[in-house]
Amino acid sequence: MAEREASPLPLDVRARLAELELELSEGDITQKGYEKKRSKLIRPYVPHPGGMEGMSHRPFFAPPSAARFHRRRSSGTRDERYRSDVHSEAVQAVLARHVESKVAVPMPSKRRSLVVQTSMDAYTPPGLSPLCSDSSSGSEEEPGPGDDMPGMEHWMTRPAHLGPAHLGSTSSSSSSTQSGGSGNAGRLADSLAHTHLSHPHLTHTHTHLSHPHLAHPHLTHTHTHLTQSHHVSAHHSQTHHAIGHLSLKRKPALGVAENGGSLRRSCEFGSDMLWPPPLESDERHIGTIARNTQKYGNAERMETGDGVPVSSRVSAKIQQLVNTLKMPRRPPLREFFVDDFEELLEVQQPDPKQRRPEGAEMLAVRGEALGVVTNWPPSLEAALQRWGTISPKAPCLTSLDTTGKPLYVLTYGKLWSRSVKLAFNILHKLGSKQEPMVRPGDRVALVFPNNDPVAFMVAFYGCLLAEVVPVPIEVPLTRKDAGSQQIGFLLGSCGVTVALTSDACHKGLPKSATGEIPQFRGWPKLLWFVTESKHLSKPPRDWFPHIKDANSDTAYIEYKTCKDGSVLGVTVMRIALLTHCQALTQSCGYTEAETIVNVLDFKKDVGLWHGILTSVMNMMHVISVPYSLMKVNPLSWIQKVYHFKAKVACVKSRDMHWALVAHREQKDISLSSLRMLLVADGSNPWSISSCDAFLNVFQSKGLSSEVICPCASSPEALTVAIRRPVEDSSQPPGRGVLSMQGLSYSVVRVDTEERLSVLTVQDVGTVMPGALVCVVKPDGVPLLCKTDEIGELCVCSVATGTSYYGLTGMTKNTFEVFPVASGGGLVSEYAFVRTGLLGFVGPGGLVFISGKMDGLIVVSGRRHNADDIIATALAVEPMKFIYRGRIAVFSVTVLHDERIVVVAEQRPDSTEEDSFQWMSRVLQAIDSIHGVGVFCLGLVPANTLPKTPLGGLHLSETKQLYLEGGLHPCNVLMCPHTCVTNLPKPRQKQPEIGPASVMVGNLVSGKRIAMASGRDLGQTDDNDQFLFLSEVLQWRSQTTPEHILYTLLSSRGAVSSSLTCLQLHKRAERVAVLLLERGGLQEGDHIALVYPPGIDLIAAFYGCLYAGCVPITVRPPHPQNISTTLPTVKMIVEVSRSACVMTTAVICKLLRSKEAVATVDIRNWPPVLDTDDLPKKKSPALYKPCNPDALAYLDFSVSTTGMLAGVQISHNAVGAFCRSVKLQCELYPSREVAICLDPYCGLGFVLWCLCSVYSGHQSILIPPVELESNPALWLLAVSQLRVRDTFCSYSVMELCTKGLGLQTEALKARGLDLSRVRACVVVAEERPRMSLTHSFSKLFKDLGLHPRSVSTAFGCRVNLAICLQGTSGPDPTTVYVDMRALRHDRVRLVERGSPHSLPLMESGKILPGVRIIIANPETKGPLGDSHLGEIWVHSDHNGSGYYSGYGEEVLQSDHFTSRLSFGDTSTVWARTGYLGFLRRTELTDASGERHDALYVVGALEEAMELRGMRYHPIDIETSVIRTHQSIMECAVFPWTNLLVVVVELEGSEQEALDLVPMVTKAVLEEHYLIVGVVVVTDIGVIPINSRGEKQRMHLRDGFLQDQLDPIYVAYNM
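Residues numbered from 1 in each chain as written. Predicted model: local features only at pLDDT ≥ 70, side-chain atom pairs only at ≥ 80, totals over all residues. Heavy atoms only, no water.

Got a sec to walk through the overall build of the protein? Specific residues and values, please.
Assigned secondary structure in the protein consists of 41 helices and 66 strands. By residue count, 61% of the 1613 residues in the protein fall in the buried class. A separation threshold of at least 6 residues defines the contact pool for the protein, and within that pool the share at least 24 residues apart is 76%. Accessible surface for the protein amounts to roughly 60200 Å². Of this, 53% is attributable to carbon and sulfur atoms. (Helix = DSSP H or I, 4+ residues; strand = E, 2+ residues; numbered from the N terminus. Buried < 20%, exposed > 50% of the residue type's maximum accessible area, 1.4 Å probe, protein only. Contact = heavy atoms within 4.5 Å. Areas by Shrake-Rupley, 256 points an atom, 1.4 Å probe, with all protein chains shown as cover.)

Now, about the environment of Leu-1059: what can you tell me, with residues and values included?
Checked against the element boundaries, Leu-1059 lands in strand E41 (residues 1055–1060). Measuring from C-alpha to C-alpha, the distance between Leu-1059 and Ile-1098 comes to 9.7 Å, with 39 residues separating the pair along the chain. Once residues within four sequence positions are removed from consideration, Leu-1059 is found in contact with His-1043, Ile-1044, Leu-1045, Tyr-1046, Leu-1064, Arg-1067 and Ile-1095.

Would you mind going over unusual backbone geometry in detail, with residue names and values included?
If you check the backbone angles, Leu-895 has positive phi at about 55° while not being a glycine. Following the sequence through the fold, Leu-895 ends up in the loop between strand E32 (882–894) and strand E33 (897–906). A residue is classified by how much of its surface remains accessible, and Leu-895, at 2% relative accessible area, is buried. A positive phi is found at Asp-1385, a non-glycine position, where the angle reads about 60°. Of note, Asp-1385 is situated in the loop between helix H38 (1379–1383) and strand E55 (1397–1401).

Before we move on, could you go through the pairing of E32 and cite the residues and values that matter?
The sheet contact formed by E32 and E33 spans 9 bridges and is antiparallel. For Val-894, the partnering residue across the bridge sits in E33 and is Asp-897. Hairpin geometry of E32 and E33 is characterised by an intervening segment of 2 residues between the two adjacent antiparallel strands and by a positive phi of about 55° at Leu-895. (Pairing = 2+ DSSP bridges.)

Which residues make up the pattern of salt bridges, and what values go with them?
According to the stated counting rule, one finds 49 salt bridges in the structure shown. With a closest N to O distance of 2.7 Å, Lys-777 and Glu-789 form a salt bridge. With Lys-777 in the loop between strand E25 (772–776) and strand E26 (791–796) and Glu-789 in the loop between E25 and E26, this pair connects stretches of sequence that are 12 residues apart. By relative accessible area, which is 28% here, Lys-777 ends up partly exposed. The partner of Arg-1318 in a salt bridge is Glu-1226, and the shortest N-O contact between them spans 3.9 Å. Placement of Arg-1318 in the loop between helix H36 (1304–1309) and strand E51 (1319–1324) and of Glu-1226 in the loop between helix H32 (1211–1225) and strand E48 (1232–1236) is noted, with a sequence separation of 92 residues between them. Relative accessible area serves as the criterion here: at 23%, Arg-1318 is assigned to the partly exposed category. Using a relative accessible area of 25% as the deciding quantity, one classes Glu-1226 as partly exposed. (Salt bridge = Lys/Arg side-chain N within 4 Å of Asp/Glu carboxyl O.)

Any details on the nonpolar core? Residues and values, ideally.
Judged by nonpolar contacts, the single largest core of 106 residues is most densely connected at Leu-415, Leu-446, Met-457, Tyr-461, Leu-500, Tyr-556 and Leu-613. A total of 12 residues in this core trace back to one element, the largest contributor, which is helix H11 (residues 453–466). Each residue touching Leu-446, except ones within four places of it in the same chain, is listed here: Phe-456, Ala-459, Phe-460, Cys-463, Pro-470, Val-471, Pro-472, Ile-473 and Leu-500. Counting residues in hydrophobic clusters, the runner-up holds 92 residues, among them Val-1071, Val-1207, Ala-1361 and Leu-1407. (Core = buried A, V, L, I, M, F, W, Y, C linked by side-chain atoms within 4.5 Å.)

So what about the state of the cysteines? Which residues, and what values?
Covalent bonding between the sulfur atoms of two cysteines is what defines a disulfide. Applying the stated rule across the entire model yields 0 disulfides. Sulfur of Cys-796: no disulfide; nearest cysteine sulfur belongs to Cys-774 and is 8.7 Å away. (Disulfide = S-S within 2.5 Å.)

Hey, could you go over the packing of helix H35 (residues 1290–1299) against helix H37 (residues 1330–1339) for me, with residue numbers and the actual values?
Packing of H35 against H37 leaves a shortest axis separation of 10 Å and a crossing angle of 45°. Classified by the angle their axes make, H35 and H37 are oblique. At the point where H35 passes H37, the crossing takes the left-handed sense. Here H35 contributes Tyr-1290, Met-1293, Glu-1294, Cys-1296 and Thr-1297 to the contact with H37, which in turn contributes Leu-1332, Thr-1333, Ser-1335, Phe-1336 and Leu-1339. (Axes fitted to C-alpha atoms, helices over the stretch in contact; angles between N-to-C directions. Parallel < 35°, antiparallel > 145°, perpendicular 65-115°, else oblique. Left-handed = near helix turned anticlockwise from the far one by under 90°.)

Give a detailed account of the sheet that holds E32, specifying residues and quantitative values.
What the 4 strands build is an open sheet, ordered E32-E33-E34-E35; its pairing is mixed. Whereas interior strands pair on both sides, the edge strands pair on one side only; in this sheet they are E32 and strand E35 (971–974). Here the average twist between neighbouring strands, direction ignored, is 15°. For E33 and strand E34 (residues 934–941), the ladder comprises 7 bridges, and the chain directions are parallel. If you follow Val-901 over to E34, its bridge partner there is Cys-936. Sitting on the sheet, helix H40 (residues 1552–1567) touches E32, E34 and E35, and the angle it makes with E35 is about 20°.

Any details on the packing of helix H22 (residues 866–875) against helix H23 (residues 912–930)? Residues and values, ideally.
It is at 9 Å that the axes of H22 and H23 come closest, and there the two elements cross at 130°. Compared by their axis directions, H22 and H23 come out oblique. Between H22 and H23 the crossing geometry is right-handed. Side by side, H22 and H23 meet where Asp-868, Ile-869, Thr-872 and Ala-873 of the first sit next to Trp-918, Val-922, Ala-925, Ile-926, Ile-929 and His-930 of the second. Its residues assigned to classes, the contact of H22 with H23 comprises 7 nonpolar, 2 polar and 1 charged. (Nonpolar A, V, L, I, M, F, W, Y, C, P; charged D, E, K, R; others polar.)

So what about a positive patch on the surface? Which residues, and what values?
A contiguous patch of positive charge, built from Lys-32, Lys-36, Lys-37, Lys-40 and Arg-43, is present on the exposed surface. In this structure, Arg-43 sits in the loop between helix H2 (31–42) and helix H3 (86–100). Note on Arg-43: relative accessible area 56%, which makes it exposed. (Patch = residues over 30% accessible without salt bridge, like charges linked within 9 Å, V, L, I, M, F, W, Y side chains within 5 Å. Lys, Arg positive; Asp, Glu negative; His and termini not counted. Charge placed at Lys NZ, Arg CZ, Asp CG, Glu CD.)

For the confidence of the model for the protein, give the residues involved together with the corresponding values.
Low pLDDT marks regions whose predicted coordinates should not be analysed in detail. Averaged over every residue, the pLDDT of the protein is 79; residues scoring 70 or more account for 78%. Overall, residues 328–342 carries pLDDT values under 50, and its contacts beyond four positions in sequence, including any with other chains, amount to 34 contacts. Low pLDDT (under 50) marks residues 994–1001, which in the prediction has 11 contacts with non-local residues, meaning those over four places away or in another chain. (pLDDT = per-residue confidence, 0-100.)

As structure tokens, this is what we get:
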């Protein structure tokens, strides 16, 4: 560190430097200005770099003669080695080093409504401006190694020299940076619309990630180039990407929604495709599908794993995050784990570099003897009586008002007389003569404000004289004060019934309507007693208080707040009280009539001991400076010292700091009268810098260095050590620069190598007179430490606390400790008291404190102190973004280890940019100096953290708010990647065993092969003689012409239309005529049917069969959302190569509307036929198909991963399918079935259109879209029409559960009765959603619904229905599996409620004619019972293959025609793409066989491979939704090995940032995964298809292309 001067700096230069540092900390000067002025000041005194080697450093521990500690002389010369700002310098040096090897940290994105004040360039970290968003390795605008321009400054001043175009593009950039959403993206695109994007200088990207600083030489010209090239034509780049499923077309990414509705979820027309883009039509390349994606700015397209083009700022940020994570971290801990699915977290291994203490065992250190002074009083009351009678006019206490003027002077005479009067009233005027409320020895609460020391002092001495025990507490400001409840518990446990208070305080307490003081939360019932003289009775002349010598009765109880927020009462005996006053008098050299200025809280701790107790023993005059005055005038205490010529002042380092900030306005002050400046928190790591800075500035005002006396104290041991005020400075104060690494292992090591990670500590003087001090190990048996080991200080003395009131167990552990030497002998026969202070005793018996037990954070076996971490954070310049005293550091347990959390209050005027930069610098500083990562760093708005009554930070309440998600931070930065190093080892997959050693008959590895089948399809019915469905319809129209097949319900529940067998036959004939005559279509042509759910769709379908054409059902575009739904229609029409589109007149008109034409080029459409006006004539001859394997129809749908796939269904498959469903559900012409499904694909289409014609039952059709206006429609129809069987989707079930949850009583009154329902089947292509089906069953149980009737079906693309519960057979079973085993592709059954258990429900019974086997997806070998593998299916109703107009079907034949690699290799199977397992149950089916249950776990293509394990999104999403009540929905997806979690927030946007730590923690603890990005959005952003399934890949595309308009995006480091 070059600034460590060899030549000492003159005093005036020092003073100027101190002022400069203050200016910087207060934000009056910029960092650049500060550095410039500082270097100018010290340039003459800094030697050349070559002179540094010769500097010698004094060792820390040296023989006494070697001046072991450097003395501070009044001349101002100091050994710069021990400067207190060494910590600040270390932090600055660390940060400078980080700047050199800078990696851009992606800044969180925030919606504008969350930001109070934003700078124009807020949210865009260096290198993320739209002009260089493809720079994945950091900022391209950063200067290279040869430049001398500092990167930060250049970036922060950049807006000044950018042209207007840049201002536009920067401020209205995509929503990842501010909030514009798709609109902003559009504006950005418009602003660059005419820019020539293929300019060679602009599209340059870094290929060498290892050189992030080498900026492109031409980048400086891109600004002007962009602004001047508006007239150059834009080029649309078209890139071709190979896709995994080659014959499938991915649903493209989101388009820009003009009506803002594109992102809302939809049950009806929001379709299988919510966010389509503009489509390109004529690109027909074999094996590829071309895609045209709009480019924003000049962002180069990146590609995800499956070829999705990414052209956004967000993806650049994530790329930046990925690069940051690639940086070498400190080496991870040694990992191990046992067996594949026993995921053991790493166990902490001893660090080979760990330093161990090497010194000899310490000896107990004894303080000087407590001198016996003849005139010392026998008790404190005796002292008061003496001064009150001998010197009644002597001033005892002066209280000040808020202007600093003396308010009242209490003399010793007044104190004596008032105390006596109060003592009499306490004993005789409360209660009755026979039953006094308070007896000697009872506890009484003292409730006085901080600005009324006079009333408090009178009350305290009144209690001592009455021999009752005062319990001083803070004034409860509100009923829900932070920590007030815990104080109430203390009062209750102490048996307090009376509270003494002042008149003013009594009036200020909250009152009820009747004027009474309400009972505070958790408080006992109290009698409030006002102590003012005018309210008290005069004692009789013959009454005097009984003044005894000090004994072992309790004198007072001081409250202490623990780390967890609980409050304990420390009892202090009268003899301890007196002895402590004597020891303080001796140590501080107090003499009679001295004046002392007290800024501390007089109700407890140092303020009470010096300002209320010891002062009376010595007849001193105390000037009490209230906190309210300090806030108005921080210099007030110095003015009072000067004004009263005070000899002693009791302050905290905070008061010194405030005085430094304000001292410039003050001229006429002098501190030359002070002989002792007692620093109460002198043991804190930041107090040393306050002491030094204060001395630097006020030496010129007469302050001498010997005057500053830090002390160490604790509520249990009272004063532990104090530095004596010395006249001749023969014993100079000591300080040492200790290695932070050593401290983390509890070892004292002097830093001799000038490392940055050091802690400068100052001594707190020597042990108190009459005390014995030793240092013991903090945990376990109190063994003595070695001389170079940090431990907990223990004190053996009369002058300590005695117990925690009412807590004998805790008392024994703290107040009755017997330290043990290594030989096993006791150090002393007397008990020691644990002080709660960590430290060591240095040479000469000087005590050094390095931290507190309460602030101890043990991370991975190393100890860190919260105060040290705060000191490091405060040393990060500039300090103008947060408040100095408002920073909290605590630890939370995550994944079986402590993790550090830092929370600070942000100043209201700081920008997002500044705060984020400060946060990232703090993280770097803590990481480098303490060698520990910070789990979470949060900034909250000013004045929002819970306060203690004196304005300090309430730590335990802050921690509680953090854990509950109630902090509402305005900025949050999570760093789980840095600090979580104990994750299980990533799994290495083992090679499979060969088939020969595995397969024996029907056994695999000793288990039954996982194979099952439904019952046989028998040929029994009349209609089974027909091979084609069109023939069945003709047969029904002749045999039962008037039988009603279909009934369509309107939204009011009335029948809007119906179809008999004959009507359907005739309409189908007319449709066929329309096709053949008007459409001029040939046999085998493809026809797109674009109809709303209804009767027209069914008629058009059979019309196509009659004409020999192949129908494709397509969901019509949404009239309110054409721009996003119409491209899907166009894509299906194109991919299916439809020769014609059939639809209604209304939709025809919609397709020709202006908005539709603007979205899709109408000229490329095939002919559109309107079926509202059908020809009247009959078809000459109906088409009679001859080949049962010919194509019957195409089933197009979008999978949950966004793949558009058309599956070919043959006539044979249609017949087998309908027969299978008929048998399973026992469907006959007399039956009625209610169907509330979308009729466009899968089982929904089969039930809606095909089954009724085949089986003859009546289908009651309820379009799901109608439920939006009438959620009860479906259930009312089922009830009124007395339906036994009904089918629905998850989205319908969810709509009913949410929409009718509060209406069950009203529905019951309307006569809703579901008791007749025997089968309510949810049709889905996913794992059964148990929580939803259970909620639905529970909700409608009162309306007669039997829980057994609710079940699920399972189908997929290759086979539209594999399982369906049906009407007979065993009920669906549920098993509980170990989630950790599932990640390793294993199934391990566990008990319900065991940790990591996951409930799985059977997906319905296997359909007749269906065979299932579980196979290994990689090796294609069969697996055993209860083994997880891919579900393969063999059935007559399997699809024939994928359809694509580009001749690629053969490439995907594997999905439909797979064979096992060993075992039964002749059977042809279709691969479902779903993981699951079979399990033979104890139940029997109809044939008497044991029932085989199929459990679906999840889709292979949705499963995420992370850390070598397979995760299913639904499991992570379930964990996330449980974390906070405001999370309504969640979706997760991977991106470049990062896990992205998107949550929908219900509640105010202020809660958004609370979710980030909670989500990160939940996923870590339950799944051992680190979340890379957390995105908080509005409700309705996660897209859902018609089946109610989340479209995660659409969501991913929308996120990467910046179209989600998120409330907040957090990038976890």
